[in-house]
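What follows is each chain in one-letter form.
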Amino acid sequence: GDTISSPSHLKNGELMTFDRVIANPPFSLKKWGKKSADNDLFGRFKYGTPPKDYGELAFLQHMIASCNNDGIIACVMPYGVLFRGSSEKKIRKGLIEDDLIESIIGLPPDLFYGTGIPACVVVINKNKQKNRKDKIIFINSENDYEEDGNRNRITIESIKKIIKYYKDYQNLTIPKTTDRYGKNFSKIISKEEIIENDYNLNIR
């Protein structure tokens, strides 16, 4: 069905809420339903609605509204949602100031069939642990992949590394001696620094 204009998971006319939401909404969907979102009956878009040609942050806000107070979301998003301006920046500002984003995980390129758009996983946590409040852990796994024909495949080792640093909540810098790029694999950034960076969440 159409999640934006006619959400399916309702109970007594209200959105049902869940412990966990795992999702991969469509990227850069044209005509995703901005008019319906602007006149939403369920109060899902408190941070605003995105442009008519970029609906990802509308889907994310639907997920947030569909999570209970202890809920966690892991959602695949294109990189553009991390830094585009205008109404999308306003939505990011709201998510950051309300301390909902727990992690941004950058994925390798060319993982998905049908699109070469680079993607990330945005993790939303409505009940962060005390040591994670007012912070976001950025994890950059863009160079950790195997080539598989004309696509790339994220490795099991990389998945385990992502999980480890997400769970352990650690900074990790990979020196150029062990990685030809030399980069921060994971880094914890304060909300204050993100605000100083004009609410830009671009991983690099």
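For the structure, check the block above.
Every value quoted in this text rests on a predicted model; they were computed, and no experiment measured them.

Parameters and conventions
Just so you know, the residues in each chain are numbered from 1, in the order the chain's sequence is written. In view of the model being predicted, local features appear only for residues whose pLDDT reaches at least 70, and side-chain atom pairs are presented and counted only at 80 or more, with totals across whole chains, interfaces and linings using the full set of residues. For the side-chain quantities, the full set of heavy atoms in the structure was used; hydrogens and water were omitted. Runs of H or I in DSSP of at least four residues are treated as helices and runs of E of at least two as strands, each being numbered from the N terminus. Relative accessible area decides the class of each residue, using a 1.4 Å probe on protein chains only: under 20% of the type maximum gives buried, over 50% gives exposed, and in between gives partly exposed. Classification of ring pairs uses Phe, Tyr and Trp, with its six-membered ring standing for Trp, and accepts pairs whose centres are within 6.5 Å; under 30 degrees between planes counts as stacked, over 60 as edge-to-face, and the remaining range as tilted. A positively charged side chain is recorded as over a ring if its NZ (Lys) or CZ (Arg) lies within 6 Å of the ring centre. The angle to the ring normal must also be within 35 degrees. Pairs of N or O atoms are called polar contacts if they sit within 3.5 Å, as long as, within protein, a hydrogen donor faces a hydrogen acceptor (for residues adjacent in sequence, only side-chain-to-side-chain pairs). Any two residues whose heavy atoms approach within 4.5 Å are treated as being in contact. The span expected for a helix works out to 1.5 Å for each residue beyond the first. The directions from the helix axis to the C-beta atoms are what the arc is built from. We call two strands paired when DSSP finds no fewer than two bridges between them.

Let us now look at the environment of Lys 160. Structurally, Lys 160 is set in helix H4 (residues 156-168). Overall, Lys 160 belongs to the exposed group, its relative accessible area being 58%. Linking Lys 160 and Ile 188, residues 28 residues apart in sequence, is a C-alpha distance of 19 Å.

The next point concerns the packing of aromatic side chains. Scanning all chains against the criterion turns up two aromatic pairs. Seen from their ring centres, Phe 27 and Phe 112 are 6.4 Å apart, and the 75° between their planes marks the pair as edge-to-face. Taken as a pair, Phe 27 in the loop between strand E3 (18-23) and helix H1 (34-38) and Phe 112 in the loop between strand E5 (101-106) and strand E6 (119-125) lie far apart in primary sequence, 85 residues in all. Its relative accessible area of 18% is what places Phe 27 among the buried residues. Against the face of Phe 185 rests Lys 161, its NZ or CZ located 4.2 Å from the ring centre.

On to the side chain of Asp 144, then. Counting through the fold element by element, Asp 144 comes out in the loop between strand E7 (135-140) and strand E8 (145-148). A relative accessible area of 14% means that Asp 144 is categorised as buried. A distance of 3.3 Å separates a polar atom in the side chain of Asp 144 from a polar atom in the side chain of Lys 161. Residues in contact with Asp 144, not counting those within four places in the same chain, are Pro 108, Ile 154, Thr 155, Ser 158, Lys 161 and Phe 185.

What follows is about H4. The end-to-end C-alpha distance of H4, which contains 13 residues, comes to 18 Å, matching closely the 18 Å that a straight helix rising 1.5 Å per residue would cover. What H4 keeps buried is the set Ser 158, Ile 162, Tyr 165 and Tyr 166. Along the axis of H4, the buried positions cluster into a sector of 105°, meaning they face one direction only. Set apart from the buried face of H4 by more than 90 degrees, the exposed residues are Ile 156, Glu 157, Lys 160 and Lys 167. Two residues or fewer after H4 comes Tyr 169, characterised by a positive phi angle close to 55°.

The pairing of E3 with strand E4 (residues 67-78) spans five bridges and is classified as parallel. Following the sheet pairing, Ile 22 is matched in E4 by Ala 74. Sheet topology note: the E4/E6 ladder contains seven bridges and is antiparallel. The residue bridging Pro 78 from the neighbouring strand is Ala 119, located in E6.

Counting buried positions over the 10 residues of helix H2 (residues 56-65) gives nine, a clear majority of the element. For H2, every residue scored as buried is listed here: Glu 56, Leu 57, Ala 58, Phe 59, Leu 60, Gln 61, His 62, Met 63 and Ile 64. On its buried side, H2 packs onto strand E2 (14-15), E3, E4, helix H3 (86-97) and E6.

As for its placement among the helices and strands, Arg 44 is situated in the loop between H1 and H2. Assessed through its relative accessible area of 3%, Arg 44 is described here as buried. Among the polar contacts made by the side chain of Arg 44, one reaches the side chain of Asp 40 at a distance of 2.6 Å. At 3.1 Å, the side chain of Arg 44 forms a polar contact with the side chain of His 62.

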